[in-house]
Amino acid sequence: MRTVAIGVENLCVPCGCRCRYCLLSYDGRPVGVDYERGKQFTEHFFGELERTRPELPRFYYIGYCMETPMLTDYIRFCQSIGSPSGEFLQLNGLAMREEEAADRLMERLAAVGIKTIDTTFYGQREYHDRFAGRQGDFDLLLRLLGSAGRAGIRRRVSLPIIRENMAQAQALLETLDGYSVEEYFAFLPHCKGRGWALNSQRLTRPEFDALPAPVRARFSPQVAYRSEEEWLRLGEWPRPESRTLTLSLTPENIGRLEQMPAEQIAAMLEDLDDRYSAAVPPPSELAARYEDPAGQRMYRQRDLLLEWRRRYLLDSGDDVPDLDDERGSFSVRN
Ligand code: SF4
């Protein structure tokens, strides 16, 4: 399998939210390492990779949120290594701010070179706040959208659609349209992190088809959603040919990583992914074990496979790190 990019994540910044659907399963305790130490390691790691694998794109990001006094330093660092986070930030989970403070933040972000921000809305005010785990979060996000617009930063709004919130989506869009949002990205949440807890919330084919036209229009035409039954009937399971690898920094691994040559770290990630790929059966075998031939729940093909692979790892008890789990080092195959 061809490795097409390598990145580093450092989940070192506490998040102000506690969302029910959190890809990273944030539970109030950051799992990353000290910001400066993570940056120094990454600078060294990428510097060495530049010599040994100059063709390989590299990226770096911190999480869980962007509420850190090191934000400007982080953006400049990302710009210096050509990482997309030098221009794009996901801004859920920030500390509460009134409009003036939000304006100042966005002006600072625009001045340092941020071109686009993303915010995720889970539904209308009351539902969103409950989902995000704090009161006032919906209004904070609206203030951020307004401030970003005034600072000339492009706004993207992500809209995870589930059974519980689908009836709210059209009214939510009407509220957001008042902010002249430049881009929407509606999607059916995938099965990572706490996304598993929402599996029963996955829309069925009839529910998906009944979404109001303005909501359907916010789904990307490039992303195919089908019911499980439809994916099974199609029966095409393209073999992934490339992978993007992400190294997650933790207090447990950082000391060892600092002693390792970059090439050895890259090889270790590739070996982990090879072991994972060898341990998990191909899609046709997974389908034979787990398929629901009449399944009406809607998936991206990637997400249906994620669900089957996870079930397989749980059932088999194989001692293989789950390389789909973004709480540790992980890989994304295409
Ligand atoms: S804002 Fe993001 S990182 Fe924080 S709890 Fe919500 S989904 Fe998780």
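Residues numbered from 1 in each chain as written. Predicted model: local features only at pLDDT ≥ 70, side-chain atom pairs only at ≥ 80, totals over all residues. Heavy atoms only, no water.

Engineer: Where do I start with the overall build of the chain in this structure?
Structural biologist: Each helix and strand counted, the chain has 13 helices and ten strands in total. The C-alpha radius of gyration computed for the chain amounts to 20 Å, which stays within 12% of the reference 20 Å derived for 334 residues, consistent with globular compactness. With the C-alpha coordinates of the chain rotated into their principal frame, the extents come out at 50 × 50 × 35 Å. Looking at the chain residue by residue over its 334 residues, the buried ones come to 54%. For the chain, the share of sequence-separated contacts (at least 6 apart) that also reach a separation of at least 24 residues comes to 78%. Surface exposure of the chain reaches about 15300 Å², of which carbon and sulfur atoms provide 49%. (Helix = DSSP H or I, 4+ residues; strand = E, 2+ residues; numbered from the N terminus. Rg over C-alpha atoms; globule rule 2.2 N^0.38 Å. Buried < 20%, exposed > 50% of the residue type's maximum accessible area, 1.4 Å probe, protein only. Contact = heavy atoms within 4.5 Å. Areas by Shrake-Rupley, 256 points an atom, 1.4 Å probe, with all protein chains shown as cover.)

Engineer: Sorry, what's going on with the sheet that holds strand 5 (residues 154-160) here?
Structural biologist: In a beta sheet, neighbouring strands are held together by backbone hydrogen bonds and run either parallel or antiparallel to one another. Spatially, 3-4-5-6 is the arrangement adopted by the four strands of the open sheet, whose pairing is parallel. Taken across any chain shown, the strands that pair with only one partner, and hence form the sheet edges, are strand 3 (88-90) and strand 6 (183-187). Between one strand axis and the next, the sheet turns through 20° on average, direction left out of account. Pairing of strand 5 with strand 6, which is carried by five bridges, proceeds in the parallel orientation. Considered in strand 6, the bridge of R156 is made with E183. (Pairing = 2+ DSSP bridges. Axes fitted to C-alpha atoms, helices over the stretch in contact; angles between N-to-C directions.)

Engineer: How should I be thinking about the pattern of salt bridges in this particular structure?
Structural biologist: Should their charged atoms come close, side chains of opposite charge can pair. If you walk through the whole model with that rule in mind, you get 28 salt bridges. One salt bridge connects E183 with R154, and the closest N-O pair in it is separated by 3.3 Å. You can see E183 sitting in strand 6 and its partner R154 sitting in strand 5, a full 29 residues away along the chain. With a relative accessible area of 29%, E183 lands in the partly exposed category. When the shortest N-O distance is used, the salt bridge between R205 and D209 registers 2.8 Å. With a gap of four residues between them, R205 and D209 both fall in helix 7 (residues 205-209), about one helical turn apart. The class for R205 is buried, based on a relative accessible area of 18%. (Salt bridge = Lys/Arg side-chain N within 4 Å of Asp/Glu carboxyl O.)

Engineer: What's the story with the pairing of strand 4 (residues 116-120) in this structure? I'm lost.
Structural biologist: The element strand 4 is largely enclosed, with a buried count of five among its five residues. Both faces of strand 4 are covered, namely the face carrying T116, D118 and T120 and the face carrying I117 and T119. Here strand 3 pairs with strand 4 via three bridges, running parallel. When the bridges of strand 4 are listed, Q90 appears paired with D118. For the segment spanning strand 3, helix 3 (residues 99-112) and strand 4, crossover handedness is right-handed. As defined by bridge partners, strand 4 adjoins strand 5 across five bridges and the pair is classed as parallel. Bridging from a neighbouring strand, T120 pairs with S158 of strand 5. (Right-handed = clockwise from strand over helix to strand, strands pointing away.)

Engineer: Please explain the nonpolar core as it appears in this structure.
Structural biologist: Soluble, globular proteins show a tendency: their nonpolar side chains are buried together. The biggest cluster of nonpolar side chains holds 84 residues, and the ones touching the most others in it are F45, Y74, L109, F121, L159 and I161. The element that contributes the greatest number of residues to this core is helix 5 (residues 137-150), accounting for seven residues. Contacts of F45, omitting those with residues within four sequence positions, involve I6, V8, L247, A262 and I265. With 18 residues, the next largest nonpolar core counts L232, Y290, L313 and L323 among its residues. (Core = buried A, V, L, I, M, F, W, Y, C linked by side-chain atoms within 4.5 Å.)

Engineer: Help me understand helix 6 (residues 169-177), please; the structure alone is not making it clear to me.
Structural biologist: Each turn of an α-helix holds 3.6 residues, which means side chains three or four residues apart point in the same direction. Within the sequence span of helix 6, burial applies to A169, L172, L173 and L176. Projected down its long axis, helix 6 shows its buried positions confined to an angular sector of 100°, all on one face. Packing partners of the buried residues in helix 6 comprise helix 5, strand 5, strand 6 and helix 8 (213-216). (Arc of directions from axis to C-beta.)

Engineer: For this particular structure, what's the right way to read the site of the ligand?
Structural biologist: Neighbouring residues of the ligand: C15, C17, R18, C19, Y21, C22, Y64, N92 and Y122. Of the residues assigned to the shell around the ligand, the class counts are seven nonpolar, one polar and one charged. (Near = heavy atom within 4 Å. Nonpolar A, V, L, I, M, F, W, Y, C, P; charged D, E, K, R; others polar.)

Engineer: Looking at this structure, I do not really get the packing of helix 2 (residues 71-80) against helix 3. What am I missing?
Structural biologist: Packed helix pairs are characterised by how far apart their axes lie and by the angle those axes make with each other. Remark: helix 2 packs on helix 3, axes separated minimally by 10 Å, with the N-to-C direction vectors making an angle of 25°. For the element pair helix 2 / helix 3, the angle class is roughly parallel. As for the relative orientation of helix 2 and helix 3, their crossing is right-handed in sense. Between helix 2, through L71, T72, I75, R76 and Q79, and helix 3, the contact on the second element is made entirely by L105, R108, L109 and V112. Counted by class, the contact of helix 2 with helix 3 contains five nonpolar, two polar and two charged residues. (Parallel < 35°, antiparallel > 145°, perpendicular 65-115°, else oblique. Left-handed = near helix turned anticlockwise from the far one by under 90°.)

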